[in-house]
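Given next are the chains, with one letter for each unit.
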Amino acid sequence: MNRRPKLLVTRRVFPEVVERLQPHFELEGNADDALWPREELLRRAADRDALFVVGSDRIDRELLDACPQLKIVATGTVGYNHIDVAACAERGIAVTNTPDVLTEATADLGWALLMAAARRLSETERWLREGRWNSWAFDQFLGADVHGATLGIVGMGRIGSAIARRARGFSMQVLYHNRSPAPNEAELGARRVALDELLRSADHVVLVVPYTPQTHHLIGERELAMMKPGAVLVNIARGGIVDDAALAKALRSGPIGAAGLDVYENEPKVNPALLEVPNVVLTPHIGSATRSSRLGMAMLAAENLVAWAGGQPLRTPVSA
Ligand code: DGY
């Protein structure tokens, strides 16, 4: 290629990331961070050699057909369920993601949601702001213990391990469910069990598995019914892993006590039934939202693109 490759960056990124990309690409960005309708994304992407995308950009066969020159898709996220990686591989299009750089921030948010849901922080703050606090009482807003409890982690990858490491400081027992044994299970003091056993035994459950056809509605009515009375369920993985309608029902009728959610089916729409139940803490997909983590993600996507433009090995390729 004698010319600089054409790159489309679908969302606003940090100035240092633009600076890193600029010398290597003919770059079209999205300085206003406008939400492009699908047709506009297809139109803007059509003559591009490279795309820098995020989780809301669906990279499917339709888009790939519309982009005959496309050679690389770099997503600024660790999750890549929005990309048809097999279809990219068939066409010789490389795909990269952003592992590691967001692990600790996302584990922190998982813990924040666990603590907030167990100790009813959103519910009590709303109550206080409404001016309803007149006196202290022994049985006021009793929550669930986190320290010394049994934590169930579904998905023991990088983020799951980071959550398990934090559990030590809370003297928790850790159970986990994963397709294969985690190589670090002895170091983490964690025991691998079947999903049903985890749901029946854990006081609190955190979901950190990738979204795939196999994990769609992994937690539905049947699984929620197995959980311990008062248990907390946290989802920081992906919408669709939990059946949100079934969860809203279980939050009303038990046995679970509370939930902490950062991700939703049909994001950014949230099932209205979830908005109506008091015992759920809701955040808008902010798991990785610290400056260092989000900058790290965007910069890693840029480094992959720069490596590709220079004919160098990709930093974090995704394989089909
Ligand atoms: C990711 O990187 O996959 C996070 O969910 C942020 O979108």
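Details of the structure are given in the entry above.
Residues numbered from 1 in each chain as written. Predicted model: local features only at pLDDT ≥ 70, side-chain atom pairs only at ≥ 80, totals over all residues. Heavy atoms only, no water.

Asks: For this particular structure, what's the right way to read the overall build of the chain?
Replies: Across its full length, the chain holds 13 helices and 12 strands. Radius of gyration (C-alpha) of the chain: 21 Å, near the 20 Å computed for a compact globule of 320 residues. Put simply, the chain has 320 residues, and 50% of those count as buried. Within the chain, one finds 36 positive and 38 negative side-chain charges whose respective centroids are separated by 2 Å. (Helix = DSSP H or I, 4+ residues; strand = E, 2+ residues; numbered from the N terminus. Rg over C-alpha atoms; globule rule 2.2 N^0.38 Å. Buried < 20%, exposed > 50% of the residue type's maximum accessible area, 1.4 Å probe, protein only. Lys, Arg positive; Asp, Glu negative; His and termini not counted. Charge placed at Lys NZ, Arg CZ, Asp CG, Glu CD.)

Asks: Hey, could you run me through the packing of aromatic side chains in this one?
Replies: We describe a pair of aromatic rings using the distance from one ring centre to the other and the angle between the two ring planes. Applying the stated criterion across every chain yields a total of 4 aromatic pairs. Relative to Phe 141, the ring of Trp 127 lies with its centre 5.0 Å away and its plane at 80°, an arrangement referred to as edge-to-face. In this pair, Trp 127 is assigned in helix 6 (residues 121-129) and Phe 141 in the loop between helix 6 and strand 6 (150-154), connecting sequence segments 14 residues apart. On the accessibility criterion, Trp 127 (17% relative accessible area) is buried. (Phe/Tyr/Trp six-rings, centres within 6.5 Å; stacked < 30°, edge-to-face > 60°.)

Asks: It is not clear to me how the pattern of salt bridges should be interpreted in this structure. Could you clarify?
Replies: When charged atoms on two side chains of opposite charge get close, those side chains can pair. The full count for this structure, using the stated rule, is 29 salt bridges. Salt-bridge contacts for Glu 303 lead to Arg 20; the nearest nitrogen and oxygen are separated by 2.9 Å. Remark: Arg 20 occurs in helix 1 (residues 15-21) and Glu 303 occurs in helix 13 (residues 291-309); sequence separation between them is 283 residues. Of the charged contacts in the structure, one is a salt bridge between Asp 108 and Arg 166, with a shortest N-O distance of 2.8 Å. Residue Asp 108 is located in helix 5 (residues 103-118), and its partner Arg 166 is located in helix 7 (residues 158-168); the two are separated by 58 residues in the primary sequence. Asp 108 sits in the partly exposed class, given a relative accessible area of 43%. Its relative accessible area of 21% is what places Arg 166 among the partly exposed residues. (Salt bridge = Lys/Arg side-chain N within 4 Å of Asp/Glu carboxyl O.)

Asks: Sorry, what's going on with unusual backbone geometry here?
Replies: In terms of backbone geometry, most residues other than glycine have negative phi values and most peptide bonds are trans. With an omega of 5°, the peptide bond between Gly 254 and Pro 255 qualifies as cis. Along the chain, the position of Pro 255 falls in the loop between helix 11 (244-253) and strand 11 (258-261). Glu 267 connects to Pro 268 through a cis peptide bond whose omega is 5°. Structurally, Pro 268 can be placed in the loop between strand 11 and helix 12 (272-276). For Ser 171, which is not glycine, the phi dihedral falls at a positive 50°. With respect to the secondary-structure elements, Ser 171 resides in the loop between helix 7 and strand 7 (173-177).

Asks: Explain the packing of helix 5 against helix 7 to me, please; I cannot follow it from the model alone.
Replies: Pairs of packed helices are described in terms of their axes, by the angle between the two and the distance that separates them. The contact between helix 5 and helix 7 brings their axes to 9 Å, and the two run at 55°. Considered as vectors, helix 5 and helix 7 are oriented oblique to each other. When you trace helix 5 past helix 7, the crossing you get is right-handed. Between helix 5 and helix 7, the residues in contact are Thr 103, Glu 104, Thr 106, Ala 107, Asp 108 and Trp 111 and Arg 158, Ile 159, Ala 162, Ile 163, Arg 165, Arg 166 and Ala 167, respectively. (Axes fitted to C-alpha atoms, helices over the stretch in contact; angles between N-to-C directions. Parallel < 35°, antiparallel > 145°, perpendicular 65-115°, else oblique. Left-handed = near helix turned anticlockwise from the far one by under 90°. Contact = heavy atoms within 4.5 Å.)

Asks: Which parts of the structure should I look at to understand the site of the ligand?
Replies: Close contacts around the ligand come from Thr 77, Val 78, Gly 79, Leu 102, Arg 238, His 285, Ser 288 and Met 297, and that covers them all. Taking Val 78, its main chain carries an N or O atom lying 2.7 Å from an oxygen atom of the ligand. In the environment of the ligand, an oxygen atom lies 2.9 Å from a nitrogen or oxygen atom belonging to the backbone of Gly 79. Protein chains shield 85% of the accessible area of the ligand, which is 230 Å² for the free molecule. Among the residues forming the shell around the ligand, the class breakdown is 3 nonpolar, 4 polar and 1 charged. (Near = heavy atom within 4 Å. Polar contact = N/O pair within 3.5 Å; in protein donor to acceptor, adjacent residues only side chain to side chain. Areas by Shrake-Rupley, 256 points an atom, 1.4 Å probe, with all protein chains shown as cover. Nonpolar A, V, L, I, M, F, W, Y, C, P; charged D, E, K, R; others polar.)

Asks: Help me understand the sheet that holds strand 12 (residues 280-282) in this model?
Replies: Within a sheet, neighbouring strands are paired by backbone hydrogen bonds and run either parallel or antiparallel to one another. The strand order across the open sheet built from 7 strands is 8-7-6-9-10-11-12, with neighbouring strands paired in parallel fashion. Each edge of the open sheet carries a strand with a single partner, namely strand 8 (190-192) and strand 12. Each strand of the sheet is rotated relative to its neighbour by a mean of 15°, with strand direction disregarded. Seen against the sheet, helix 7 touches strand 6, strand 7 and strand 9 (204-207) and runs at an angle of roughly 170° to strand 6. In this fold helix 11 packs onto strand 10 (232-235), strand 11 and strand 12, with an angle of close to 145° to the strand it touches most, strand 11. (Pairing = 2+ DSSP bridges.)

Asks: Looking at this structure, I do not really get the sheet that holds strand 5 (residues 94-96). What am I missing?
Replies: As summarised here, the arrangement of the 5 strands in space is 2-1-3-4-5, forming an open sheet in which the pairing is parallel. Looking at which strands have only one partner, the edges of the open sheet turn out to be strand 2 (26-28) and strand 5. With strand direction ignored, the average angle separating the axes of adjacent strands in the sheet is 15°.

Asks: So what exactly am I meant to see when it comes to the environment of Met 115 here?
Replies: Relative to the elements of secondary structure, Met 115 occurs in helix 5. Met 115 has contacts with Val 146 and Phe 170, leaving out every residue within four places of it along the chain.

Asks: Quick question: what am I supposed to make of the pairing of strand 9 here?
Replies: Strand residues, when the strand is regular, have side chains that alternate between the two faces of the sheet. Neither face of strand 9 is left uncovered, since the one carrying His 204 and Val 206 and the one carrying Val 205 and Leu 207 both have all their residues buried. Judged from the 4 bridges that link them, strand 6 and strand 9 form a sheet pairing that is parallel. Paired with Gly 152 across the strands is Val 205, a residue of strand 9. The pairing of strand 9 with strand 10 spans 4 bridges and is parallel. Within strand 10, the residue paired with Val 205 across the bridge is Leu 233. With helix 10 (residues 221-226) bridging strand 9 and its parallel neighbour strand 10, the resulting β-α-β unit is right-handed. (Right-handed = clockwise from strand over helix to strand, strands pointing away.)

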